Amino acid sequence: MSENSTSDATRSAWLFLAPALILMFIFTVAPAMFSLLLSFHDFKPFSFTLVPVGLDQYMELAGSEDYRTSLMATLRFAALVVPGAVLGSLAVAVLLDQMPFFRSIFRTIFLIPVGISPAMAAMLWVFLFNPTSGFLNYLLSTAGIAGPAWLSDPDWAPFAVSLTTVWKEVGFNIIFLMAALAQVPVELQEAAWMDGANSFRRFWHITLPSISPAMFFVTVVSVIHAFESFGQIHILTRGGPAGSTGVLVYQLFRDGFENSRLGLAAAEAVILFVIIGGVTLVQFMVARYLKGSPQ
Amino acid sequence: MRKGTNGLPVFSSRLLATCLLLVPAVLHGFPIFYMLSVSFKEAAEAYKFPPSLLPSHPVLTNYSDALNAAPLWQFMLNSLIAALGITAIQMLTSILAAYALARIEFKGRKIVLGFVVAMLMVPSEITIVPNYLMMVRTGLIDTHLALIAPFSASAFGIFLLYQFFSGVPRELEEAAIVDGASRMRFLFQILVPVSMPAIVAFGVFAFVSAWNQYLWPLVVTQSTAMRTVQVGVGMFRSEQEATSWGMVMAATSILVLPSIALFIATQKQFVRGLVSSGAGVKG
Amino acid sequence: MAQLELLKVGKTFGKNSIIHGLDLTVEAGEFLVVVGPSGCGKSTLLRIVAGLEPVSEGDVRIDGRSVTKLSPKARGIAMVFQNYALYPHMSVRDNISFGLKLAKIPDDEVSRRVTDAAKILHLGELLDRKPYQLSGGQKQRVAMGRAMVRQPAIFLFDEPLSNLDAQLRVQMRAEIASLHRRLRSTIVYVTHDQTEAMTLADRIVVMRAGKVEQIAAPMELYRNPATRFVASFIGSPAMNFLPVSIFPAGTGMHRAETIGFRPEHSQFIPSSGTGKQPPVVAGEEDAIIVGTGAVKLVEPLGAVTLVHCELAPALDVICEFHGANIPVPGDEGFLKIDISQLLLFDGEGLRVRK
């Protein structure tokens, strides 16, 4: 257009793209590749040297009990957070959808935790979890239940961390699901109502399928967040007690930055990349497929 | 029976729905409220069991203690510098790149677009260790630059703006060309002003994401003076039973305030940015 | 105002040849309209003249100098777009002066030109408004103002009136015509509306599928179309076409396959019921009866009444009705045509002279 040949256009285009592409290459592509390389080497921090060790570090992870605990902790964490975040947000979104007044006030209340960081969320809850002076156990005691030592009991720590995480993330899901609910065509509802379907049937057969893409998206995002959680765990439990909340990212942090085993950490990063990247890829493909198919 | 938009029973009174919603709403608002409450409690009262909802004699000593315990303003300044730096560079690089992808027909356009989409899927954990090593090597550990540099480009920003720019009619750029505008001029004098809502939404979202980072600042800063808000607040977390919870809550209150204020002020744009983060996927 | 020449211009997109071997000269000060159906390449042609689209072959010259490799700005052209393309975030004044400021024209000159344009186009009170506050017609005038102030050698219009309602279109047509008279600029105007072409143009270029069918003044196109396509495109309501077999033999129509006649040169005569042909009317010695048909549709337009009648299955013609009792669908009648106005076309659609 302002150039009279495609080669001029190509040159312009690359100039515009250069800053972003160069930065992405330096700080994302190259490091990702280097992580892969690093995972096959033992890295000596003081001398900055790499000693090739082949697959040893991967084998070490495969046989490591710490790593297995970490994997379990991550799966348990995801299993606690995802249903809570998704179903809880669905319930609230459905209720909010009905309310024309106060909607923005409620929405703000649910959304604020999304705007604060995982670290802040943890700091807000850490006192609530206190076994003796915490409000949570006080509340339970009024119901006659003796609350546990939330953050120091390996059986309960995962719940504590999950609760904090769900509290923080539910707002995001609510926004999404509310938008999806608003797009369910009213005519479908009315047609079903005239056909005599009661409310639950309508919800199950019409509303839910209509919002299933959004539900899927929200679920996958929750899963990915679960796998990438770090801040709140570092503050609430430091990965303990007994590794019960030491999720994969935490394990990476500990191995790489507390124990200075950077090569091992790189191997853990590669594994994480495969897991998270795989989940994200699945999400993309399903979304593409859903986009192409009629509702 | 009145119908709701989603077919769930519309309660005979909106009052019932409101009451049902109050439970999760209270649950949600409680931690923030309680944090404020404890921050004004006298030391002894914080430990009292059963704990009280409101301080009986509110005091401000916790706040002065918190400010003395750690350089809270410094934390905020560091976070501000990092977040502003990241946001500014991301916006600039994303605007330029998105323009090229959306409006220039060039060879390899599809490949670059695919590359950007692929970058969207790369989790940050894979880059932490090498980026850290790079910072150590270049002596940038414990500097503001180290907080900013690895996040200066954003595939999300490029993709978001690409989608928006693509929707702007081609005629607008042609009119500008006929008027004698160069590409750059069109981009910054016309396309950017016209795309302000998307750009601002992205800016807010990028700022908040940068502000809320934890792992990278934790790893790349060492001295207390360079710590950001998020890492700094974590410093108040200690294992001992004798913690002054009032002071901890006061420190948290101070440090969380900017986030909440910013959030309430930019709620609309923030939500737009959030929703767009799924736009490329949801459709 | 400048002279524009296109020499053997061609444009291909991938495998599709949109325009081929196109030659055209627009004289300085001429109002040239390019018409044709969608996809005929007229917009592409305009964009090539503008410099928004590079040519695949051929040359574009303005006042004798080749501009094929020059950017739009360097060519000294200005363009009015179909969807106005106004800068949404700028005021009307800023929209109009944007190009001038880019050309580093001094502020007082800019201001003078903007004021003049605003006066001519009646934009005076709108100068501080934003585009979203304007109606379609106002937006189009702002677009024209933006083009005008640049005092271009050639004005280009890309279907500027298509987005306006019918009444506004008539009004704007008059404004564009008066603007041309006033500025005496060279204008290339693209439209698919033959009425606009007929009323505005000094000459019309009729295009079809990337090729020029005919270039001529409006009335010449009307009276002497070179091809069947041009004949059917120009004139409203459209020309009727009948296979030559319909006509009685011996009217000297060898070599023709299709006969065309315009509705305004034909009449519907209702049958009297007696089966006899209507008598010859004085002054209509050139008219012959071609056949009979049943009325399908009647359009009383006020000044004239049009009758659609079916001469044979799948053979409809439109003709005029002059008389007091307007026929209704189903009525039978005769079709009378003035054979001095017949146009003959051969198998390829080219005009054949008698």
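Given the structure is predicted, the values throughout are model-derived calculations rather than measurements.

> Could you give me a rundown of the overall build of chain B, with the residues and numbers involved?
When helices and strands are tallied, chain B shows 15 helices and 0 strands. Whereas a compact globule of 283 residues would reach a radius of gyration of roughly 19 Å, chain B reaches 24 Å, over 25% beyond that. Referenced to the eigenvectors of the C-alpha coordinate spread, the extents of chain B come out at roughly 75 × 70 × 35 Å. The proportion of buried residues among the 283 residues of chain B is 52%. Sequence-distant contacts, at least 24 apart, represent 76% of the contacts inside chain B between residues at least 6 apart.

> Which residues make up the interface of chain B and chain A, and what are the values?
At the interface, 85 residues of chain B touch 94 residues of chain A. Considering each element in turn, the side of chain B that touches chain A owes the most residues, 14 residues, to helix 1 (residues 14-39) of chain B.

> Got a sec to walk through the domain arrangement of chain C? Specific residues and values, please.
For interface size, the figure often reported is the accessible area lost on association. Residues and elements named next belong to chain C. In terms of domain boundaries, chain C breaks down into domain 1 (4-233) and domain 2 (240-247 + 255-352). Each of domain 1 and domain 2 has a C-alpha centre, and these two points are 39 Å apart. Across the contact, 6 residues belong to domain 1 and 7 residues belong to domain 2. For the side of domain 1 that touches domain 2, a count of residues per class yields 4 nonpolar, 1 polar and 1 charged.

> Break down the domain arrangement of chain B for me, citing the residues and quoting the values.
Split into domains, chain B comes out as domain 1 (14-66) and domain 2 (70-235). With centres defined by C-alpha atoms, the gap from domain 1 of chain B to domain 2 of chain B works out at 37 Å.

> Any details on helix 11 (residues 248-258) of chain A? Residues and values, ideally.
Side chains three or four residues apart in an α-helix point the same way, a direct result of the helix having 3.6 residues per turn. A large share of helix 11 of chain A lies buried, amounting to 9 of its 11 residues. S260 of chain A sits one or two positions beyond helix 11 of chain A and adopts a positive phi of about 55 degrees.

> Before we move on, can you summarise the sheet that holds strand 5 (residues 65-66) of chain C with the specific residues and values?
Residue and element names in this part refer to chain C. Taken in spatial order, the 4 strands of this open sheet run 2-1-4-5, and their pairing is antiparallel. Every interior strand has two partners, whereas the edge strands, strand 2 (16-26) and strand 5, have only one. Running over the sheet, helix 1 (residues 42-50) touches strand 1 (4-13), strand 2 and strand 4 (57-62) and is turned about 120 degrees from strand 1.

Analysis parameters
Residues numbered from 1 in each chain as written. Chains lettered and ligands numbered in written order. Predicted model: local features only at pLDDT ≥ 70, side-chain atom pairs only at ≥ 80, totals over all residues. Helix = DSSP H or I, 4+ residues; strand = E, 2+ residues; numbered from the N terminus. Rg over C-alpha atoms; globule rule 2.2 N^0.38 Å. Buried ≥ 20, exposed ≤ 12 C-beta atoms within 10 Å, placed from the backbone. Contact = placed C-beta atoms within 7 Å. Domains from an automatic or database assignment. Nonpolar A, V, L, I, M, F, W, Y, C, P; charged D, E, K, R; others polar. Pairing = 2+ DSSP bridges. Axes fitted to C-alpha atoms, helices over the stretch in contact; angles between N-to-C directions.

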